[in-house]
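Chain by chain, the residues run as shown.
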Amino acid sequence: MSRKRTALALGMAAAGVLSVASATATAVPRPAAGSTTVTPAGHSFKATLSGKATLKAGAVTVTCTVSVATGTVPDAPGNHNPAGPVSSPITPPTYSSCTASLPGVTPTVTTSGSWSVSMQHGSPVTATMTVPAGGLVLQTSGLANCTVTAAPSGPANVSGTWVNGAPPSLTFTGATVPVTVTGGFGCPTSATTSAFNAVYKITDTTDPAQQITVGP
């Protein structure tokens, strides 16, 4: 008799896909990153989930409808990088009001540690949310009792895009993060990655009349 293994791994919040390449004498150098400026310098911001965040692996989707994180744009001159991204620390994003597509399973998401988000001006503007080692843990109860730990071996980058606007938005589409899974029957212990989809709206909490903007 075969048993269907339920995939419940969670990928995050975020960001850029981490890549490692060997340096060789014949390697083609990558183009230098352009300049980035995030304004207003020193202003605090809040990222609020718009709609829902879906956390999917295999045939199972975990959906959360509430998620919030806060952060601060670096003070000048730290809000400008002439040759690369500008990074801001953020609070660990909270995730609540979560449900699973598998009946009889209740998911709970816990986050911790030092998170950050960096912006690189370009077309499009790219964003990288960094999840610290073990910074996100999904636990399920009910028909399957599993623990899914994101970024188990060290910090992981989650890729996304930023769009300036009123308000600006930060979008993650099919972003991946490494995970490990422990638990008994029904837990996808062979899973090594999980996908994350979400759109966050960004508000300037220092001066709500202004917008956080990423430029050159």
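Further up the page is the structure itself.
What counts, and where the lines are drawn
Residues numbered from 1 in each chain as written. Predicted model: local features only at pLDDT ≥ 70, side-chain atom pairs only at ≥ 80, totals over all residues. Heavy atoms only, no water. Helix = DSSP H or I, 4+ residues; strand = E, 2+ residues; numbered from the N terminus. Buried < 20%, exposed > 50% of the residue type's maximum accessible area, 1.4 Å probe, protein only. Lys, Arg positive; Asp, Glu negative; His and termini not counted. Salt bridge = Lys/Arg side-chain N within 4 Å of Asp/Glu carboxyl O. Polar contact = N/O pair within 3.5 Å; in protein donor to acceptor, adjacent residues only side chain to side chain. Phe/Tyr/Trp six-rings, centres within 6.5 Å; stacked < 30°, edge-to-face > 60°. Pairing = 2+ DSSP bridges. Contact = heavy atoms within 4.5 Å.

### Some points on the side chain of Asp-204
In this fold, Asp-204 is placed in strand E15 (residues 193–204). Lys-46 provides the closest opposite charge to the buried, unpaired Asp-204, separated from it by 13 Å. A distance of 2.7 Å separates the side chain of Asp-204 from the side chain of His-43, its partner in a polar contact. Within polar-contact distance, the side chain of Asp-204 engages the backbone nitrogen of Asp-207 at 2.9 Å.

### Side note on the packing of aromatic side chains
Throughout the structure, instances matching the rule amount to three aromatic pairs. An angle of 45° between the planes, with centres 5.6 Å apart, marks the rings of Phe-172 and Phe-196 as tilted. Residue Phe-172 is found in strand E14 (residues 169–183), and its partner Phe-196 is found in strand E15; the two are separated by 24 residues along the sequence. Per residue, the accessibility class of Phe-172 equals that of Phe-196, and both read buried. Cluster of aromatic residues (ring-pair linked, three or more members): Tyr-95, Phe-172, Phe-196 and Tyr-200.

### Some remarks on the sheet that holds strand E1 (residues 36–39)
Think of a sheet as strands paired side by side through backbone hydrogen bonds, with each pair either parallel or antiparallel. Spatially, E5-E1-E16 is the arrangement adopted by the three strands of the open sheet, whose pairing is antiparallel. Only two strands of the sheet have a single partner each, and these edge strands are strand E5 (80–81) and strand E16 (213–215). Relative to E16, E1 is paired through three bridges, and the arrangement is antiparallel. In the sheet register, Thr-39 faces E16, and the bridge partner there is Thr-213.

### Section: the side chain of Ser-88
With respect to the helices and strands, Ser-88 occurs in strand E6 (residues 86–90). Its relative accessible area of 7% is what places Ser-88 among the buried residues. From its side chain, Ser-88 meets the backbone oxygen of Thr-72 in a polar contact 3.3 Å long. Apart from residues lying up to four places away in sequence, Ser-88 is in contact with Phe-45, Thr-72, Val-73, Pro-74, Ser-116 and Val-117.

### Focus on the pairing of E15
Taking every second residue as pointing to the same face, the buried face of E15 carries Ser-194, Phe-196, Ala-198, Tyr-200, Ile-202 and Asp-204, while none of Thr-193, Ala-195, Asn-197, Val-199, Lys-201 and Thr-203 on the other face is buried. For E14 and E15, the ladder comprises eight bridges, and the chain directions are antiparallel. Looking at the pairing, Pro-178 lines up with Thr-193 of E15.

### Re the environment of Thr-205
Looking at the element boundaries, Thr-205 is found in the loop between E15 and E16. Exposure remark for Thr-205: the relative accessible area of 42% places this residue in the partly exposed category. In this structure, the C-alpha to C-alpha distance between Thr-205 and Thr-72, residues 133 residues apart in sequence, is 9.4 Å. If we ignore the near neighbours within four places in the chain, the residues touching Thr-205 are Ser-44, Phe-45 and Lys-46.

Nothing here speaks to function; it is all geometry.
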